[in-house]
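Overview (structure and organization)
Next come the chains, spelled out residue by residue.
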Amino acid sequence: MEFNTALLHKNFSGDKASGSTMTPIYQVSAFSHSSAEQLEKVFNNKAPGYAYSRIGNPTVTSFEARIAALENGAGAVACSSGMAAVTMALLNILESGDEIIVGAGLFGGTIDLLKDLEAFGITAHFADEVTPQNVEPLINERTRAVFAELIGNPKLDIVDIESVSNLAHRYNIPLIIDSTTATPYLVHPIDFGADIVVHSTSKYINGGGNAISGIIIDSGKFEWDTEKFKGMKEYKKYGKLSYLAKLRNGIWRNFGCCLAPFNAFLNSVGLETLGLRMECLCSNALKLAQFFETCKDIEVNYPALESSEYYALTQKLLKGKGGAILTIRAGSKEKAFELINNLKFATNATNIGDTRTLVIHPSSTIYAHSTEQQKENAGVFDDTIRISVGIEDIADLIEDFGNAISKINN
Ligand SMILES: *Cc1c(COP(=O)(O)O)cnc(C)c1O
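Residues numbered from 1 in each chain as written. Predicted model: local features only at pLDDT ≥ 70, side-chain atom pairs only at ≥ 80, totals over all residues. Heavy atoms only, no water.

The name given to the protein chain in an unreviewed UniProt entry is O-acetylhomoserine aminocarboxypropyltransferase/cysteine synthase, with Ruminococcus intestinalis as the source organism. UniProt's Sequence similarities (unreviewed entry) comment on the protein chain is quoted here verbatim: "Belongs to the trans-sulfuration enzymes family." As stated in UniProt under Cofactor (unreviewed entry), the record for the protein chain gives "pyridoxal 5'-phosphate". (UniProt positions renumbered as here; feature names shortened; annotations may be inferred.)

Take a look at the structure:
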């Protein structure tokens with residue numbers, strides 16, 4: 001099955017009972033059962049079925065099954081947000097005293113989260129770039145995971161997950177990849193050795209900017225050493241599904257960060273056009289980046305540009321495409337603000353992966369809680385503008401940015 005066909009048909013065939021082409025929105029809290037015996041079985045995983053929507057809901061299950069299949073995973077658990085997915089993916093295997101190694105170019109919310117986790121005895125070590133050379137010296141007997149964004153948002157650095165997963169596996173450590181900005185259209189991280197994949201599905205998978213959500217996909221391939229990961233002992237019997245079984249029966253259900261059925265439905269609708277949107281978005285982003293290269297006093301960062309240090313990795317991992325985010329530097333904070341204020345079509349908002357082009361000044365917003373050093377490590381400078389390219393016609397986008405740039409230069 002090719003990609004666009006898979007979006008519609010892989011692990012999905014509508015609602016068999018009614019013939020409904022989409023899984024309906026089961027907008028309920030609870031599911032009734034014919035007998036107390038039956039509900040006892042469902043509650044104790046002795047019979048399939050649903051009891052309560054915090055624990056499971058058919059609309060959500062359908063979305064999870066489609067994403068798991070698309071990402072070549074053993075299964076998936078959907079969450080109320082991308083941040084919930086990142087949090088649950090980590091806390092499912094961490095305990096007080098544990099350490100993780102992460103990329104410095106992470107999403108601002110994730111950097112804030114890692115600081116929050118310090119209060120629970122979990123320490124994150126930052127690697128400037130997630131490469132085997134940088135990661136290996138940070139590994140010790142307390143290390144329990146390597147976590148990285150495949151395409152850093154907004155640093156746009158690309159992790160060679162093949163070499164990093166090889167290293168992590170030599171030390172019996174799983175590689176967890178946030179693949180939000182890469183999307184399944186560009187890469188299936190599991191095929192390159194990632195063990196757990198997370199997405200903020202609020203972004204490209206939803207695609208219309210109309211619901212917050214996240215998802216965790218497990219490859220089912222990592223061999224959990226129960227001396228290292230003591231909590232996994234009880235779940236080893238689930239084999240390929242042990243990580244997800246622990247998650248579902250433990251911290252995910254008890255933190256209560258379930259995905260709402262309505263949002264799962266919106267995501268399933270959005271998912272079906274992911275391929276069409278990404279094709280247009282990546283093409284627009286490259287053309288816009290090439291346009292910025294011709295602009296005096298503007299510095300552009302986009303991994304699929306031949307001038308980018310990540311060009312070779314886009315060829316190796318991402319089918320030569322660079323995704324739909326680029327950053328530019330305008331020369332000063334004032335100029336960056338003026339440029340944003342001069343734009344007609346690009347909307348000033350904190351989101352990515354919408355149909356419309358979005359811009360933001362990350363230093364004063366998403367990274368407002370970060371130190372100067374953290375900002376610099378994440379590729380966020382005082383004059384940086386992040387652009388999440390939309391599906392508008394490229395001629396209009398180039399004209400809009402061209403006009404806004406010429407105004408600040410006057
Ligand atoms: C947006 C984002 C998140 C957080 O997702 P939410 O759905 O906003 O909670 C995590 N990682 C990356 C790379 C993101 O872009």
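A few points about the layout of surface pockets
In this structure, the largest pocket encloses a volume near 750 Å³. Considering the residues around the largest pocket, the lining is formed by 27 residues, among which N45, G49, I55, R248 and N249 are closest to the centre. For the lining of the largest pocket, the secondary structure elements donating two or more residues are helix 2 (36-43), helix 3 (58-70), strand 1 (75-79) and helix 9 (242-249). (1 Å grid on protein atoms, 1.4 Å probe; cavity = no way out; pocket = protein on both sides within 12 Å on 5 of 7 lines; lining within 4 Å. Points joined across faces, edges and corners; volume = space filled by probe spheres on them. Helix = DSSP H or I, 4+ residues; strand = E, 2+ residues; numbered from the N terminus.)

Description of the side chain of S388
Within the secondary structure layout, S388 lies in strand 12 (residues 384-388). The class for S388 is buried, based on a relative accessible area of 1%. Among the polar contacts listed, one links the side chain of S388 to the backbone nitrogen of G353, at a separation of 3.0 Å. Those residues in contact with S388, other than ones at most four positions away along the chain, are Y204, A324, N351, I352, G353, D354, R356, T357 and L358. (Buried < 20%, exposed > 50% of the residue type's maximum accessible area, 1.4 Å probe, protein only. Polar contact = N/O pair within 3.5 Å; in protein donor to acceptor, adjacent residues only side chain to side chain. Contact = heavy atoms within 4.5 Å.)

So, the sheet that holds strand 4 (residues 143-149)
As summarised here, the arrangement of the seven strands in space is 1-7-6-5-4-2-3, forming an open sheet in which the pairing is mixed. One side of each edge strand has no neighbouring strand; the edge strands of this open sheet are strand 1 and strand 3 (123-127). Going from strand to strand, the sheet's axes swing by 20° on average, the running direction of each strand aside. Note: strand 1 against strand 7 (residues 214-218), five bridges, orientation antiparallel. Paired with C79 across the strands is G214, a residue of strand 7. Its contacts with the sheet place helix 7 (residues 161-170) against strand 4 and strand 5 (175-178), and it is angled at close to 150° to strand 5. Strands strand 1, strand 6 (196-200) and strand 7 of the sheet are contacted by helix 9, whose axis makes an angle of about 30° with strand 1. (Pairing = 2+ DSSP bridges. Axes fitted to C-alpha atoms, helices over the stretch in contact; angles between N-to-C directions.)

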